[in-house]
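# What the coordinates show
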Amino acid sequence: MLIRVGVLFGGKSVEHEVSIISAIQAINGFDKTKYEIIPLYMTKEGALYAGDSTGKIEEYRNIPGLLKKSHRVIFVNDNGKFLLMKYPAKGFGKRMYASVDIVFPIVHGTNVEDGALQGYLKTLSVPFVGCDVAASAAGMEKYTQKAILKYNDIPVLDCVRVFSAAYFKDMDTIINQIEGSISYPLIVKPSNLGSSIGIKKALNRDELKGAFEYTFQYANIALVERAVTNLKEINCAVLGDQDLAIASECEEPINTDDILSYNDKYISGGKNGSKGMSGAKRRLPADIAPETREEIRNLAIKTFQALGCNGVARIDFFIDLQSNKIFVNEINTIPGSLSFYLWEPIGISYTELLTRLINLTFKRERENAGISYCIDTNILANFTSTGAKGAKSLA
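Now for a quick tour of the structure. Just so it is clear, the model here is predicted, and its values are computed rather than measured.

## Some details on the overall build of the protein chain
If you tally the helices and strands in the protein chain, you get 12 helices and 16 strands. Here the C-alpha atoms of the protein chain give a radius of gyration of 23 Å, agreeing with the 21 Å that 2.2 N^0.38 yields for 395 residues. Once the C-alpha set of the protein chain is aligned to its principal axes, its extents read approximately 65 × 65 × 45 Å. When each of the 395 residues of the protein chain is scored for burial, the buried share is 51%. Within the protein chain, contacts between residues at least 6 apart in sequence are counted, and of these 67% link residues at least 24 apart.

## Some thoughts on the sheet that holds strand 13 (residues 245-253)
Ordered in space as 14-13-12-15-16, the 5 strands form an open sheet in which the pairing is antiparallel. In this open sheet, the two edge strands, each paired with only one partner strand, are strand 14 (282-283) and strand 16 (325-332). In terms of strand pairing, strand 12 (residues 231-240) meets strand 15 (residues 311-320) through 10 bridges, oriented antiparallel. Bridge pairing in strand 15 places A237 opposite R314. Of the strands in this sheet, strand 12, strand 13 and strand 15 touch helix 12 (residues 350-368), which is tilted by about 55 degrees from strand 12.

## Notes on the sheet that holds strand 10 (residues 200-202)
Strand order across the open sheet formed by 4 strands is 8-11-9-10, with antiparallel pairing between neighbours. Only two strands of the sheet have a single neighbouring strand rather than two, namely strand 8 (160-163) and strand 10. Across this sheet, the average inter-strand angle for adjacent strands is 25 degrees, counted without regard to direction. Sheet topology note: the strand 9 (residues 186-190)/strand 10 ladder contains 3 bridges and is antiparallel. Within strand 10, the residue paired with L186 across the bridge is A202. In this fold helix 7 (residues 171-181) packs onto strand 8, strand 9 and strand 11 (221-226), with an angle of close to 175 degrees to the strand it touches most, strand 8. Helix 8 (residues 205-215) rests against strand 8, strand 9, strand 10 and strand 11 of the sheet, and its axis sits at about 15 degrees to strand 9.

## Digging into the pairing of strand 13
Burial within strand 13 is extensive, with 8 of its 9 residues counted as buried. The pairing of strand 12 with strand 13 spans 5 bridges and is classified as antiparallel. Directly across from N235, in strand 13, lies its bridge partner E251. If you look at the hairpin formed by strand 12 and strand 13, you'll find 4 residues sitting between the two strands.

## Structural notes on helix 1 (residues 16-29)
In an α-helix there are 3.6 residues to a turn, and that puts residues three or four apart on one side. The terminal C-alpha atoms of helix 1, which comprises 14 residues, lie 20 Å apart, in line with the 20 Å expected from a rise of 1.5 Å per residue. For helix 1, a buried count of 12 out of 14 residues is recorded, marking the element as mostly surrounded by other parts of the structure. For helix 1, the set of buried residues is H16, V18, S19, I20, I21, S22, A23, I24, Q25, A26, I27 and G29.

## Some thoughts on the packing of helix 4 (residues 133-140) against helix 5 (residues 142-151)
It is the contact of helix 4 with helix 5, at a shortest axis distance of 5 Å, that shows an interaxial angle of 105 degrees. Regarding the angle of helix 4 to helix 5, the classification is roughly perpendicular. Facing A138, G139 and M140 of helix 4, the residues of helix 5 in contact are K142, Q145 and I148. When the residues that make up the contact of helix 4 with helix 5 are grouped by side-chain class, the tally is 3 nonpolar, 2 polar and 1 charged.

## Some remarks on the packing of helix 1 against helix 12
At a minimum axis distance of 9 Å, the contact between helix 1 and helix 12 shows a crossing angle of 95 degrees. Between helix 1 and helix 12, the interaxial angle falls into the category roughly perpendicular. Where helix 1 abuts helix 12, its residues S22, Q25, A26 and G29 lie against Y350, T351 and L354. For the contact of helix 1 with helix 12, the class distribution of residues is 3 nonpolar, 4 polar and no charged.

## A few points about a nonpolar patch on the surface
Residues I74, V76 and Y87 make up a contiguous nonpolar surface patch of about 240 Å² in total accessible area. With respect to the element layout, Y87 can be found in the loop between strand 5 (81-86) and strand 6 (96-100). The class for Y87 is partly exposed, based on a relative accessible area of 43%.

## A closer look at the pattern of salt bridges
Overall, the coordinates contain 23 salt bridges when judged by the stated rule. For E17, the salt bridge is made with K44, and the minimal N-O distance between the two is 3.2 Å. Highlighted residues: E17 in helix 1 and K44 in the loop between strand 2 (35-42) and strand 3 (48-50), separated in sequence by 27 residues. Judged by relative accessible area, E17 falls into the partly exposed class, the value being 37%. A salt bridge links D172 to K209, with the nearest nitrogen and oxygen atoms 4.0 Å apart. Of this pair, D172 sits in helix 7 while K209 sits in helix 8, and the two are 37 residues apart along the sequence. Since its relative accessible area comes to 27%, K209 is described here as partly exposed. What you see here is one network of salt bridges that share partners, running through D172, E179, R205 and K209.

## Regarding the state of the cysteines
Evaluation of the coordinates by the stated rule reveals 0 disulfides. Not part of a disulfide, C131 finds its nearest cysteine sulfur in C309, a span of 3.8 Å. Given the relative accessible area of 1%, C309 is considered buried.

Cut-offs used in this document
- Residues numbered from 1 in each chain as written.
- Predicted model: local features only at pLDDT ≥ 70, side-chain atom pairs only at ≥ 80, totals over all residues.
- Heavy atoms only, no water.
- Helix = DSSP H or I, 4+ residues; strand = E, 2+ residues; numbered from the N terminus.
- Rg over C-alpha atoms; globule rule 2.2 N^0.38 Å.
- Buried < 20%, exposed > 50% of the residue type's maximum accessible area, 1.4 Å probe, protein only.
- Contact = heavy atoms within 4.5 Å.
- Pairing = 2+ DSSP bridges.
- Axes fitted to C-alpha atoms, helices over the stretch in contact; angles between N-to-C directions.
- Expected span 1.5 Å × (residues − 1).
- Parallel < 35°, antiparallel > 145°, perpendicular 65-115°, else oblique.
- Nonpolar A, V, L, I, M, F, W, Y, C, P; charged D, E, K, R; others polar.
- Patch = residues over 30% accessible without salt bridge, like charges linked within 9 Å, V, L, I, M, F, W, Y side chains within 5 Å.
- Areas by Shrake-Rupley, 256 points an atom, 1.4 Å probe, with all protein chains shown as cover.
- Salt bridge = Lys/Arg side-chain N within 4 Å of Asp/Glu carboxyl O.
- Disulfide = S-S within 2.5 Å.

Here is the structure:
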């Protein structure tokens, strides 16, 4: 019997379209002798749709038209069976659209990659691929991420965290504090976004104000770091869990500007249209010394495991060419195109990568099955409408 995989993508995120590209790539990559794929498209309003057309990239040129010929569905856990029920329910006809054995989220950005979707699925006890709630949240929230990595002796750039409310209340004081601790040029970026969205470089005080205005369009919390001006960017993916993790080949993205942009990553796919992150310009393998490659691959695994990750993640690095120091820039817990192109050079095909990700999920499910989440108690036996006794009764 085939394993039924619900590939879930889209969602309320500025990376909505990137998610669709990544998901359709994956849907075409699964081993169809092992898996039955059910494409599940989430709108920007959070509604879930399934149907014959949700797995076809050309249908997303007209999303209202796609939704009209698809079924809106909701998840129901029916005694351990994970059903996709048509919504709203109608008086007659088949109410169940399909059932799934596992959900494979291929989503990017806030509200979906940051632990929110993972928490929803975990609450319903639906097995899902990738990082759990805590690792997803830490992977997205960069200030938290930096704190964890620093605690584990993994090199990161120091930063200043700025809340939008505090900034607009007294921007001169905030900027004075930043200028007192970090020298220009500076980088301002959202604390909880990926895909190079909302990032600006500032060479002076006026540009710093402009950078804050720009970043706060996308997030309420900004991070300010010193800009490494003479650098090489290197990315490396990791596949595995806390028991065993392996590193991919290293790539060197090619920028068209000072900062690797959203356009560099997703729009510059050539005349045949965007291929998501897999279509970005890069050197693969990266032009680095063998010992640097190994240092980065080891740091990538250490980062992955320090954050408690599961599945596949891509870790982005800076090499400061002046000091020759390596820094972790950020982790992407569900990377664009699942970074399949980084695994092929070391002999892992996209189909094999997807199979390994599903196997890792079932392994985690078996491990979690041995953990007690409920205890037998009669704490409510003496509970009356006159009030709770609970802990107060011990006083």
